[in-house]
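Secondary and tertiary structure notes
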Amino acid sequence: MTEDKLCFEEEVLEICREAVRQVSAEDREITMDTELSARDGIDSLAFMNMIIALEIRFDVVLDEYLTELKDAERIRDLISAMRKLTDRSEKRME
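Residues numbered from 1 in each chain as written. Predicted model: local features only at pLDDT ≥ 70, side-chain atom pairs only at ≥ 80, totals over all residues. Heavy atoms only, no water.

Considering the environment of Val-61
Put simply, the rule is: Per the convention used, a helix needs a DSSP run of H or I reaching at least four residues, while a strand needs a run of E reaching at least two, with both numbered from the N terminus.
Mapping Val-61 onto the fold places it in the loop between α2 (44–58) and α3 (66–70). Separated by 25 residues in the primary sequence, Val-61 and Thr-86 have C-alpha atoms spaced 9.8 Å apart.

As for the nonpolar core
Short version of the rule: Remark: nonpolar core denotes a set of buried residues (Ala, Val, Leu, Ile, Met, Phe, Trp, Tyr, Cys) joined through side-chain atoms within 4.5 Å. For every residue, the accessible area (1.4 Å probe, protein chains only) is compared with the maximum for its type, and the residue is labelled buried under 20%, exposed over 50%, or partly exposed between those bounds. Contacts between residues were defined by any pair of non-hydrogen atoms, one from each residue, lying within 4.5 Å.
In terms of nonpolar packing, the biggest core is built from 29 residues, with Met-50, Leu-62, Leu-69 and Ile-75 touching the most fellow members. Here this core gets 7 residues from one element, more than from any other, and that element is helix α1 (residues 3–23). Setting aside residues no more than four positions away along its own chain, Ile-75 makes contact with Leu-13, Cys-16, Ile-30, Thr-31, Met-32, Thr-34, Leu-36, Ile-42 and Met-50.

Some details on the packing of aromatic side chains
Note the following rule: In summary, the pairing rule links any two rings of Phe, Tyr or Trp, Trp by its six-membered ring, whose centres are within 6.5 Å, and it sorts them by plane angle into stacked for under 30 degrees, edge-to-face for over 60 and tilted for everything else. Remark: a charge is flagged as sitting over a ring if the NZ atom of Lys or the CZ atom of Arg is within 6 Å of the ring centre and within 35 degrees of the ring normal.
In this structure the tally under the stated criterion is 1 aromatic pair. Ring geometry for Phe-8 versus Phe-58: centroids 5.1 Å apart, planes at 45°, classification tilted. Of this pair, Phe-8 sits in helix α1 while Phe-58 sits in helix α2; the two residues are 50 residues apart in sequence, bridging distant segments of the chain. Across this residue pair, the class does not change: Phe-8 and Phe-58 are buried. Above the ring of Phe-8, the side-chain terminus of Arg-83 is found at 4.2 Å from the ring centroid.

Overview of the pattern of salt bridges
Formally: Any carboxyl oxygen of Asp or Glu that lies within 4 Å of a side-chain nitrogen of Lys or Arg is treated as forming a salt bridge with it.
Throughout the structure, instances matching the rule amount to 7 salt bridges. Measuring nitrogen to oxygen at the nearest pair gives 2.1 Å for the salt bridge that ties Glu-11 to Arg-57. Of this pair, Glu-11 sits in helix α1 while Arg-57 sits in helix α2, and the two are 46 residues apart along the sequence. The exposure class assigned to Glu-11 is partly exposed, which follows from its relative accessible area of 28%. Since its relative accessible area comes to 41%, Arg-57 is described here as partly exposed. With a closest N to O distance of 3.7 Å, Arg-17 and Glu-14 form a salt bridge. One end of the pair is Arg-17 and the other is Glu-14, both in helix α1 and 3 residues apart, which spans about a single turn. Overall, Glu-14 belongs to the partly exposed group, its relative accessible area being 36%. Among the charged side chains, a network of salt bridges with common partners joins Glu-14, Arg-17, Glu-18 and Arg-21.

Some details on α2
Two residues of an α-helix separated by three or four positions point the same way, owing to the 3.6 residues in each turn. For clarity, the cut-off: In a helix, the anticipated span is given by 1.5 Å times the number of residues less one. A 3.5 Å cut-off defines polar contacts: any pair of N or O atoms within that distance qualifies, except that in protein one atom must be a possible hydrogen donor and the other a possible acceptor, and neighbouring residues in sequence count only when both atoms are side-chain atoms.
For α2, built from 15 residues, the straight-helix expectation of 21 Å at 1.5 Å per residue is met to within 8% by its first-to-last C-alpha distance of 21 Å. For α2, every residue scored as buried is listed here: Ala-46, Phe-47, Asn-49, Met-50, Ile-51, Leu-54, Glu-55 and Phe-58. Two or three places before Leu-45, at the opening of α2, Asp-43 has a side-chain oxygen 3.3 Å from that residue's backbone nitrogen. Just downstream of α2, Asp-59 is the residue with a positive phi angle, here 50°.

The following block contains the structure:
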């Protein structure tokens, strides 16, 4: 795994952790394998906080990709989708 990819994954993971902390009274461990479900502390409010934070950090608009992002079952899947979406955004800007 390249250093750039690892940094991207760690950054998205930290954004997800912070989004959950903002809406959850419980201290939950958020990992790459955490399910995007209310059971694991990621309810719709936490999910939307993640999306907004990701939009701000990566300077992208994710509204048109919400369906694709909502299909993610785990943080790992969300990171993979974000990688694809940010790659698409960069290609459009070239």
